[in-house]
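# Descriptive analysis of the structure
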Amino acid sequence: MKIGIIGTGAIGGTIAKKMVTAGHDVKVTNTEDADKLKARAMELGTKPSRIEDVVKDVDLVILSVPTVAILSLPKDLFSNVSDEVIIVDTSNYYPFRDGEIDELKDGKVESVWVSEQIGRPVIKAFNNLLAETLNNGGKEEGANNRIAMAIAGDNVEHKKIIASLAGQAGYDTVDTGALSESWRHQPGTPAYCTELDAKDLKVALLDADKEKAAEIRDFVISQFMGADGAPTSHQGVVDFNRSQFPKNPRTAV
């Protein structure tokens, strides 16, 4: 596939490397100057691109930027992009970083909001795994305890394609349903960054509590930010996330 990725941070960069390894043609863009973008693209094994061009002549566009950065995208970015092109949103809303976005604060589903901002349907994917999980947590198909990724969206065929790409990267997938149901794997839910296999992820998605998610999200991030600057291990992050949900299948593991 031909893939354009907007954002080359921890998540976008990791997805780029995974897709290159799987044999796909990947081009990337970010907000850095041309020389830094070129260097980052070379590091990832991809091609550097201007944002106007990263969405051209591709089968898939992955938006991997902070939620607030969606507002800075060119308003006509997708105006000449075919409806057949799949657009994936990987973002997660964090008020401490993104500021207060009233509609999200009032409970609008994050990727529904993203879709409205860019004027195009999106698939929500790659958001419920930590960057370290994406980078090093993949396993061969059929392996025990293979970590699963949640996928939500209104186009079933597009979701199947993204599930195939996730499989190439080393992950099982669980279809969450319509985009409106993607809140079930937003921050503050049992499915978010808790490294579950497909069976357990299905349980976690059903156990999500929309009314409590924002409070849990903010509590968790406050604990990480208030840890006296001490680094937290990857497993420590996963375990702490799991500990917020007594019914999470992996809490007692």
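Scroll up for the structure.
Attention in this report is confined to the structure presented alongside it. (Residues numbered from 1 in each chain as written. Predicted model: local features only at pLDDT ≥ 70, side-chain atom pairs only at ≥ 80, totals over all residues. Heavy atoms only, no water.)

## Focus on the side chain of T46
- Structurally, T46 can be placed in the loop between α2 (34–44) and β3 (47–48).
- Of the residues examined, T46 reaches a relative accessible area of 9% and is grouped as buried.
- Here T46 is in contact with A16, V20, V26, V28 and A41, once residues within four sequence places are set aside. (Helix = DSSP H or I, 4+ residues; strand = E, 2+ residues; numbered from the N terminus. Buried < 20%, exposed > 50% of the residue type's maximum accessible area, 1.4 Å probe, protein only. Contact = heavy atoms within 4.5 Å.)

## Looking at the nonpolar core
- Grouped together as the largest cluster of nonpolar side chains are 28 residues, with contacts concentrated most on I5, I15, L60, V88, F126, M149 and I162.
- Those elements that provide at least two residues to this core are β1 (2–6), α1 (10–21), β2 (25–29), α2, β4 (60–63), β5 (86–89), β7 (148–152) and α8 (156–169).
- Ignoring sequence-local partners within four residues, the contact set of I162 consists of L60, I86, V88, I123, A125, F126, M149 and I151.
- The next biggest cluster of nonpolar side chains, apart from the first, holds 22 residues, and it includes V61, L63, V65 and I70. (Core = buried A, V, L, I, M, F, W, Y, C linked by side-chain atoms within 4.5 Å.)

## What about the packing of aromatic side chains?
- By the definition in use, this model includes 3 aromatic pairs.
- Their ring planes at 65° and their centres at 5.9 Å tell us that Y94 and F96 sit as a pair that is edge-to-face.
- The class for Y94 is buried, based on a relative accessible area of 13%.
- Put simply, the rings of F219, F224 and F240 pair up and form one aromatic cluster. (Phe/Tyr/Trp six-rings, centres within 6.5 Å; stacked < 30°, edge-to-face > 60°.)

## A closer look at helix α11 (residues 234–243)
- Every buried residue of α11 is accounted for by V237, V238, N241 and R242. Taken down its axis, α11 places every buried residue within 130° of arc, on the same side.
- The elements touched by buried residues of α11 are α10 (210–225). (Arc of directions from axis to C-beta.)

## Here's the deal with the packing of α10 against α11
- Packing of α10 against α11 leaves a shortest axis separation of 11 Å and a crossing angle of 145°. Considering how the two elements wind past one another, α10 and α11 form a crossing that is right-handed. Contacts between α10 and α11 pair F219, V220, Q223 and F224 from the former with V237, F240 and N241 from the latter.
- Split into classes, the residues belonging to the contact of α10 with α11 amount to 5 nonpolar, 2 polar and no charged. (Axes fitted to C-alpha atoms, helices over the stretch in contact; angles between N-to-C directions. Left-handed = near helix turned anticlockwise from the far one by under 90°. Nonpolar A, V, L, I, M, F, W, Y, C, P; charged D, E, K, R; others polar.)

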